[in-house]
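# A closer look at the structure
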2 protein chains.
Amino acid sequence: MKIALDVMGGDRAPDEILIGAKEALTSLEELELLLVGDRGAILQLWPEAESNPRTEIVHCTEVIEMQESPAAAYRRKKDASITIASRLVRDQEAEAVVSAGSTGAQLVAGLFELGRMEGVARPAIATCIPTLRGPRVMLDVGANTDSSTENLRQFSWLGKIYCEIALGIRNPRVYLLSNGTEQEKGNELTVNTYQVLMAEEGLGFCGSIEGRDLFNGEADVIVTDGFAGNVALKTMEGTAEALFTMMKEAFRKSARSKLGAFLLMPALKKVKNSLDYEEIGGAPLLGVRGLSVVCHGSSGAKAICAALIKTAQWIESGLQEKLAANKF
Amino acid sequence: MKIALDVMGGDRAPDEILIGAKEALTSLEELELLLVGDRGAILQLWPEAESNPRTEIVHCTEVIEMQESPAAAYRRKKDASITIASRLVRDQEAEAVVSAGSTGAQLVAGLFELGRMEGVARPAIATCIPTLRGPRVMLDVGANTDSSTENLRQFSWLGKIYCEIALGIRNPRVYLLSNGTEQEKGNELTVNTYQVLMAEEGLGFCGSIEGRDLFNGEADVIVTDGFAGNVALKTMEGTAEALFTMMKEAFRKSARSKLGAFLLMPALKKVKNSLDYEEIGGAPLLGVRGLSVVCHGSSGAKAICAALIKTAQWIESGLQEKLAANKF
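Residues numbered from 1 in each chain as written. Chains lettered and ligands numbered in written order. Predicted model: local features only at pLDDT ≥ 70, side-chain atom pairs only at ≥ 80, totals over all residues. Heavy atoms only, no water.

### Focus on the packing of aromatic side chains
The description of two aromatic rings rests on the distance between their centres and on the angle between their planes. Basically, it comes down to this: Any two rings among Phe, Tyr and Trp, with Trp reduced to its six-membered ring, count as a pair given centres within 6.5 Å; such a pair is stacked if its planes are under 30 degrees apart, edge-to-face if over 60, and tilted if neither. Labels follow the DSSP assignment, with helices taken as runs of H or I lasting at least four residues and strands as runs of E lasting at least two, numbered in each case from the N terminus. Each residue gets one of three labels from its accessible area relative to the maximum for its type: buried under 20%, exposed over 50%, partly exposed in between, using a 1.4 Å probe on protein chains only. Here, a charge over a ring means that NZ of Lys or CZ of Arg falls within 6 Å of the ring centre while also lying within 35 degrees of the ring normal.
Taken as a whole, this structure holds six aromatic pairs over all chains when the rule is applied. On the numbers, 5.5 Å between centres and 20° between planes, the contact of Tyr 74 of chain A with Phe 112 of chain A is stacked. Of this pair, Tyr 74 of chain A sits in helix α3 (residues 70-76) while Phe 112 of chain A sits in helix α5 (residues 103-114), and the two are 38 residues apart along the sequence. Centre to centre, the rings of Tyr 194 of chain B and Phe 205 of chain B are 5.1 Å apart; their planes meet at 85°, and the pair counts as edge-to-face. Remark: Phe 205 of chain B occurs in strand β8 (residues 205-209) and Tyr 194 of chain B occurs in helix α7 (residues 188-198); sequence separation between them is 11 residues. By relative accessible area, Tyr 194 of chain B is classed as buried at 10%. According to the relative accessible area criterion, Phe 205 of chain B is buried, its value standing at 16%. One residue, Arg 256 of chain A, lies across the ring of Phe 262 of chain B, its end atom 5.1 Å from the ring centre.

The following block contains the structure:
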């Protein structure tokens, strides 16, 4: 099983990306990697990459940076790592591409190198969020900013199939993210989408869900436009982080609480880990003709390793084939 | 100082509303309350309400329920508590109205009984959110679902003035909630609004902020449309609640962590309280001609008391006059 890894993308590239790659190779015997990036930089950090029978360097000279306009940079930088890596999937030399680089650039490369699935107007990024009953799916969390009712209808099906395959949940309950649970609540987009989803036979649409209830695990798939989804996802991250910071500060204030914190450390660590995106791995860009997995820009080795292992599982379970077989 | 209190509105009305009222009267000498609701129900719970020189019962027979369509219910129920309470402000018999009832109904009553301030097309609900550097202002968190660039421009000024007066922050830093910090990131609404806010002299606009950074306290005022704002606010609440539930479960799992949790309880309680909406009080509906303060639907006595005390402070500091003096 061959995965194309964008070695140059991400805040901690290429060092952490390569360490994550090595870890994934160790834990997954059948994995082979196409390391897409600057040959010199790769060999300096990993001299054996050239002789290792399970890795192959695909040299390229450019990388699209986070702050660049994705579309313009894609056109200008013909030899960008995310473009080359996506093309390897198009040409069937790799079964998936994994990147922690600019999400916008990965989206553009997905659209132009891989193309859209039949019946899908816009792809969506599907992420797993931690809930009290285990991970659940939320999409779109940032591939698009302005979406139509028809876009959201397509996201619903993409999310449902992804949830079934990635999380093994049969007949997942699909919900729409809104500002209230009643059908008539919401903005124009969600009110119209609610109507449309109710009529979708076999989708498993159950209604609207508020931000407050994202964590109770009632919704297996949460459908939203990429703007609200991104706000919700990042607010979750920010709230959890702020809470841990507040606790740390509060715990330092007395000898009693210092001792308490010491005793609680293992339990607290466990809770923190369950919320850690580094453990969750990547988020696939659903709706393009080829598996393209988006990683957090600040991904370290652990996150890259987790994303590679997840990606391998998705390849094995035939995620792309099952998505493509759906009548949108 | 007279405040009209909607005794019938809220999940825990009228019992908890009246207990909160009593507490506020005890802690604030200059406070007088117009108790708007069913006379019989009020007297059964609080027989002295009739003879108390600081309370007056304003009898009404109806209440607009949470699940009712606000506009239709407002038209049909002429004697609804939120309508009567808002009218008392219009007629200058009270200086503010406080309610934990249907937010939609309070908005409609605000629009039709009080009317909009000059230059304000749509009012916005401004709430205080807890951050690592103290409370900050976010608006709109749910008065509107679909907003225009011009709406958001007006919200910015309302939020700035409210922040100065309610939190005492001079020259607050105003940010736009978005899915990235760069100017070109965002949906159509936020990208356009960014442009417009940059040109507003004296506003103190500093750029865009992501959900992840809501808690660091860098932004004093966070401007957003009511849909995204509501999603962000409720996601915060849900995340904090879920985290505390996860910790409780994790802490129960060993004798070591049980002891640790016992020792940490006071510190944990403090963190939890700083996030508790019951301590934060109400959120004013900014942009109507009269002070109308929205409370959480599930408000108990503590939240009502806190809201009444905050409302009294806002009256004293001339919040409404300062908002009305602004050239929008």
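### With respect to the interface of chain A and chain B
Formally: Throughout, a residue-residue contact means that at least one pair of heavy atoms, one from each residue, lies within 4.5 Å. In this description, buried area is defined as the sum, over both parts, of the accessible area (probe of 1.4 Å) that is lost when the two are combined. Definition used for salt bridges: Asp or Glu carboxyl oxygen within 4 Å of a side-chain nitrogen of Lys or Arg. In the analysis that follows, any N or O atom pair within 3.5 Å is treated as a polar contact, provided that within protein one partner can donate a hydrogen and the other can accept it, and provided that, for residues neighboring in sequence, both atoms belong to side chains.
The partner chain B presents 52 residues to the 52 residues of chain A that form the contact. Looking only at chain A, the three residues that lose the most surface to chain B are Arg 212, Phe 227 and Arg 256 of chain A, adding up to 14% of its buried area. Scanning the region where chain A abuts chain B turns up four salt bridges. A salt bridge links Lys 234 of chain B to Glu 210 of chain A, with the nearest nitrogen and oxygen atoms 2.3 Å apart. Joining chain A to chain B, the criterion identifies 15 residue pairs in polar contact (both at pLDDT 80 or more). Where the side of chain A that touches chain B is concerned, the elements lending two or more residues are α7 (188-198), α8 (226-251) and α9 (255-274) of chain A. Tallying contributions element by element places α8 of chain A first for the side of chain A that touches chain B, with 20 residues.

### Examining helix α4 (residues 81-90) of chain B
All names here are of chain B. Most of α4 sits inside the fold, with eight of its 10 residues counted as buried. Residues of α4 that are buried: Ser 81, Ile 82, Thr 83, Ile 84, Ala 85, Ser 86, Leu 88 and Val 89. Phi turns positive, to about 60°, at Gln 92, one or two residues after α4.

### Brief notes about the nonpolar core
Which entries qualify depends on this criterion: We define a nonpolar core as any set of buried Ala, Val, Leu, Ile, Met, Phe, Trp, Tyr and Cys residues linked to one another through side-chain atoms lying within 4.5 Å.
Of all hydrophobic cores here, the largest spans 58 residues; its most connected members are Leu 35 and Leu 139 of chain B. No other element matches helix α6 (residues 149-166) of chain B, which puts eight residues into this core. With residues near it in sequence (within four places) discarded, Leu 139 of chain B still touches Ala 124, Ile 125, Ala 126, Phe 155, Leu 158, Gly 159, Val 221, Ile 222, Val 223, Thr 224 and Leu 286 of chain B. In this structure, Val 7, Ala 100, Ile 169 and Leu 286 of chain A belong to the second largest nonpolar core, which totals 57 residues.

### Comments concerning the sheet that holds strand β2 (residues 32-37) of chain A
All names here are of chain A. We apply this condition: At least two DSSP bridges between two strands are required for those strands to pair. The axes are straight lines fitted to the C-alpha atoms, using for helices just the contacting stretch, and the angles between their N-to-C directions are given from 0 to 180°.
The mixed open sheet is built from 11 strands, whose spatial order is β3-β2-β1-β4-β11-β10-β5-β6-β9-β7-β8. Strand pairing shows two members of the sheet lacking a second neighbour, β3 (55-59) and β8 (205-209), which therefore form its edges. Across the sheet, the mean angle from the axis of one strand to that of its neighbour is 25°, orientation sign disregarded. Alignment of strand β4 (residues 96-99) against strand β11 (residues 291-294), held across four bridges, turns out to be parallel. The residue bridging Val 97 from the neighbouring strand is Ser 292, located in β11. Packing against the sheet, α5 makes contact with β4, β5 (124-129), β10 (283-286) and β11, and its axis sits at approximately 175° to β11. With respect to the sheet, helix α11 (residues 301-316) is in contact with β1 (2-6), β2, β4, β10 and β11, its orientation differing from that of β1 by roughly 145°.

### A short note on the pairing of strand β6 (residues 136-139) of chain A
Residues and elements named next belong to chain A. Every second residue of β6 is oriented toward a common face, with Arg 136 and Met 138 on one face and Val 137 and Leu 139 on the other, all of them buried. The pairing of β5 with β6 spans four bridges and is antiparallel. Bridge pairing in β6 links Ile 129 to Arg 136. Here β5 folds back onto β6 in antiparallel fashion, the turn holding six residues, of which Gly 134 has a positive phi close to 100°. Here β6 pairs with strand β9 (residues 221-223) via three bridges, running parallel. From the neighbouring strand, Met 138 faces β9, where its bridge partner is Ile 222.

### Remarks on the sheet that holds strand β2 (residues 32-37) of chain B
Residue and element names in this part refer to chain B. Strand order in this open sheet of 11 strands is β3-β2-β1-β4-β11-β10-β5-β6-β9-β7-β8, and the pairing throughout is mixed. Looking at strand neighbours, the two that pair on one side only are β3 (55-59) and β8, the edges of this open sheet. For this sheet, the mean inter-axis angle between neighbouring strands, taken without regard to orientation, is 25°. Strand contacts of α4: β1 (2-6), β2, β3, β4 (96-99) and β11 (291-294), with the helix running at about 160° to β4, the strand carrying the most contacts.

### Details of a positive patch on the surface
What counts here: Here the term patch refers to residues with relative accessible area over 30% and no salt bridge, with like charges joined within 9 Å and nonpolar side chains (Val, Leu, Ile, Met, Phe, Trp, Tyr) within 5 Å. Surface exposure here means Shrake-Rupley accessible area, sampled with a 1.4 Å probe, where a residue is shielded only by the protein chains that are shown. Charge counting follows a simple rule: Lys and Arg are positive, Asp and Glu are negative, and His as well as the terminal groups are ignored. We put the charge of a Lys on NZ, of an Arg on CZ, of an Asp on CG and of a Glu on CD.
A surface patch of positive charge is lined by Lys 248, Arg 252, Lys 253, Lys 258, Lys 269 and Lys 272 of chain A together with Lys 270 of chain B. Examining the composition of the positive patch, we find that three residues originate from one element, α9 of chain A, more than from any other. The exposure class assigned to Arg 252 of chain A is exposed, which follows from its relative accessible area of 55%.

### Overview of the relation of the copies chain A and chain B
Let me state the cut-off plainly: Here the copies were fitted onto each other by least squares, based on C-alpha atoms from residues at pLDDT of at least 70 in both.
For the pair chain A and chain B, the relating rotation is 180°, the translation along its axis is 0.0 Å, and the fit reaches an RMSD of 0.0 Å. Both copies of the chain, as the preceding transformation shows, are related through a two-fold rotation axis. Nearest to the rotation axis, the C-alpha of Gly 260 of chain A is located 1.9 Å from it, this being the minimum over chain A. Taken together, the interface assignments show that 98% of the residues at the interface of chain A recur at the interface of chain B, consistent with an identical surface on both copies.

### Re the environment of Leu 243 of chain B
Looking at the element boundaries, Leu 243 of chain B is found in helix α8 (residues 226-251). In this structure Leu 243 of chain B comes out as buried when scored by relative accessible area, which is 1%. Those residues within four positions of Leu 243 of chain B in sequence are excluded, and the remaining contacts are Ala 240, Leu 243, Phe 244, Val 271 and Leu 275 of chain A.

### Quick word on the side chain of Arg 136 of chain B
Residue and element names in this part refer to chain B. Within the secondary structure, Arg 136 is located in strand β6 (residues 136-139). Note on Arg 136: relative accessible area 8%, which makes it buried. In terms of polar contacts, Arg 136 uses its side chain to reach the backbone carbonyl oxygen of Gly 217, at 3.2 Å. Not counting residues up to four positions away in its chain, the partners in contact with Arg 136 are Thr 127, Cys 128, Ile 129, Thr 131, Leu 167, Ile 169, Arg 173, Gly 217, Ala 219 and Asp 220.

### Quick word on the pattern of salt bridges
All names here are of chain B. A full pass over the atoms with the stated rule returns 34 salt bridges over all chains. Note that Glu 113 is salt-bridged to Arg 90, the shortest N-O span being 3.7 Å. Of the two residues, Glu 113 is situated in helix α5 (residues 103-114) and Arg 90 in helix α4; the sequence distance between them amounts to 23 residues. Taking the shortest distance from any N to any O, the salt bridge between Glu 218 and Arg 173 comes out at 3.9 Å. Of this pair, Glu 218 sits in the loop between β8 and β9 (221-223) while Arg 173 sits in the loop between α6 and β7 (174-177), placing them 45 residues apart in sequence. Residue Arg 173 is classed as partly exposed on the basis of its relative accessible area of 27%.

Purely spatial values, then, with no claim about function.
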